[in-house]
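Summary of the model geometry
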Amino acid sequence: MTDKSFFFAIHYIPAKVDCGLLAGRCISTLHGYLLNHADAQIGVAFPCWSNKSIGRTIAFVSEHSSHLTQFRERTYFQTMQGDGLFELSPVLEVPDDCAEVRFIRNQNLAKLFVGERRRRLARSKRRAAERGELFVPKAPVVNQEIAPFHCALIQSASNAQNYVLHIQKQLCDSRDTTKTYSHYGLASPNSYRGSVPELSTSISTLFPDSLYLKR
């Protein structure tokens, strides 16, 4: 990495926990913060990500430690820490030898699910009727090879609606890194290409149980 970056991490303490649900609540908290701090660029990382799980840690990364220090004090994080449900690290400098990865919100994955396909078909049928056209549904693409992904359930701070974020991890060339993220702290297939450091080694030092919690 050529410029200094900083991070803090959150470790979910309970033995039995819905990692996707808690990740979503943390991302929702970030979403609310970013809506009120347009100048902040904060990325989300999942240091204990595996093919089986999104992992029981989440980290937030920025080139400005002051943004992270302020964000870390959000009521949700402090309440969860006070209740013994979260363990928060301090804001730390990212080690120089970290590789770069992207966590991408890929909403195209939603099309793979039956419920989503039904909603899309109903919407297309309604729009065709409004235009006075014959509705001819397209056959779904089958036998696609899909890279591993995980889901996080979030609530939008702007309209209070629930959404499922479909998230994939992608390795990236150290020469192809930017720090622009969506308001959920994630990259996207096209518009946002923000990368974050691969923090798995740092997390295992901060939270020694994290290797167990990865399973």
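The rules behind the values
- Residues numbered from 1 in each chain as written.
- Predicted model: local features only at pLDDT ≥ 70, side-chain atom pairs only at ≥ 80, totals over all residues.
- Heavy atoms only, no water.
- Helix = DSSP H or I, 4+ residues; strand = E, 2+ residues; numbered from the N terminus.
- Buried < 20%, exposed > 50% of the residue type's maximum accessible area, 1.4 Å probe, protein only.
- Contact = heavy atoms within 4.5 Å.
- Areas by Shrake-Rupley, 256 points an atom, 1.4 Å probe, with all protein chains shown as cover.
- Pairing = 2+ DSSP bridges.
- Axes fitted to C-alpha atoms, helices over the stretch in contact; angles between N-to-C directions.
- Core = buried A, V, L, I, M, F, W, Y, C linked by side-chain atoms within 4.5 Å.
- Phe/Tyr/Trp six-rings, centres within 6.5 Å; stacked < 30°, edge-to-face > 60°.
- Disulfide = S-S within 2.5 Å.
- Left-handed = near helix turned anticlockwise from the far one by under 90°.
- Nonpolar A, V, L, I, M, F, W, Y, C, P; charged D, E, K, R; others polar.

Moving on, we come to the overall build of the protein chain. A tally of regular secondary structure across the protein chain gives 6 helices and 9 strands. Sorting the 215 residues of the protein chain into buried and exposed places 42% on the buried side. At a minimum sequence separation of 6, the contacts of the protein chain that also span at least 24 residues come to 71%. Carbon and sulfur atoms make up 50% of the accessible area of the protein chain, which amounts to about 12,000 Å² in all.

The subject of this paragraph is the sheet that holds strand E7 (residues 150-155). On the basis of which strands lie adjacent, the open sheet formed by 4 strands has the order E7-E8-E6-E9 and antiparallel pairing. Both outer strands of the open sheet, E7 and strand E9 (196-197), are each paired with one neighbouring strand and no more. The pairing of strand E6 (residues 100-105) with strand E8 (residues 162-171) spans 5 bridges and is classified as antiparallel. Residue Arg-102 lies in a different strand from E8, and its bridge partner there is Gln-170. The strands touched by helix H1 (residues 19-36) within the sheet are E7 and E8, with E7 carrying the most contacts at an inclination of about 45°.

Moving on: the nonpolar core. If you look at the biggest cluster of nonpolar residues, it comprises 47 residues, and the most contacted ones within it are Ile-10, Ile-27, Phe-46, Phe-60 and Ile-167. Looking at this core, the element that brings in the most residues is H1, giving 8 residues. With sequence-adjacent residues up to four places away left out, Phe-60 is seen in contact with Phe-6, Phe-7, Phe-8, Ile-10, Cys-26, Leu-30, Ile-42, Gly-43, Val-44, Leu-68, Phe-71 and Phe-77.

Before going further, it helps to examine the packing of aromatic side chains. Two measures describe an aromatic ring pair: the distance that separates the ring centres and the angle between the ring planes. For the structure shown, the criterion picks out 13 aromatic pairs. Relative to Trp-49, the ring of Phe-46 has its centre 6.2 Å away and its plane inclined at 45°; by these criteria the two rings are tilted. Both residues of the pair, Phe-46 and Trp-49, belong to the buried class. One aromatic cluster in this structure is built from Phe-8, Tyr-12, Tyr-33, Phe-60, Phe-71, Tyr-76, Phe-77 and Phe-86.

In the structure shown here, the tally under the stated rule is 0 disulfides. Left unpaired, Cys-19 is separated from the closest cysteine sulfur, that of Cys-48, by 9.3 Å.

Looking now at the packing of H1 against helix H2 (residues 65-72). Closest axis-to-axis distance for the H1/H2 pair is 11 Å, and the angle between their directions is 115°. Judged by the twist between their axes, the crossing of H1 over H2 is right-handed. Across the interface between the two elements, Cys-26, Thr-29, Leu-30 and Tyr-33 from H1 touch His-67, Gln-70 and Phe-71 from H2. Taken together, the residues of the contact of H1 with H2 sort by class into 4 nonpolar, 3 polar and no charged.

This next bit is on the pairing of strand E3 (residues 57-62). Look at any regular strand and the pattern is simple: side chains alternate between the two faces of the sheet. Of all 6 residues making up E3, 6 are buried, and the element is well covered by its neighbours. Pairing geometry for strand E1 (residues 6-12) and E3, over 6 bridges, is antiparallel. From the neighbouring strand, Ile-10 faces E3, where its bridge partner is Ile-58. With 3 bridges joining them, strand E2 (residues 43-45) and E3 adopt antiparallel strand pairing. Bridged to Val-44 within E3 is Phe-60.

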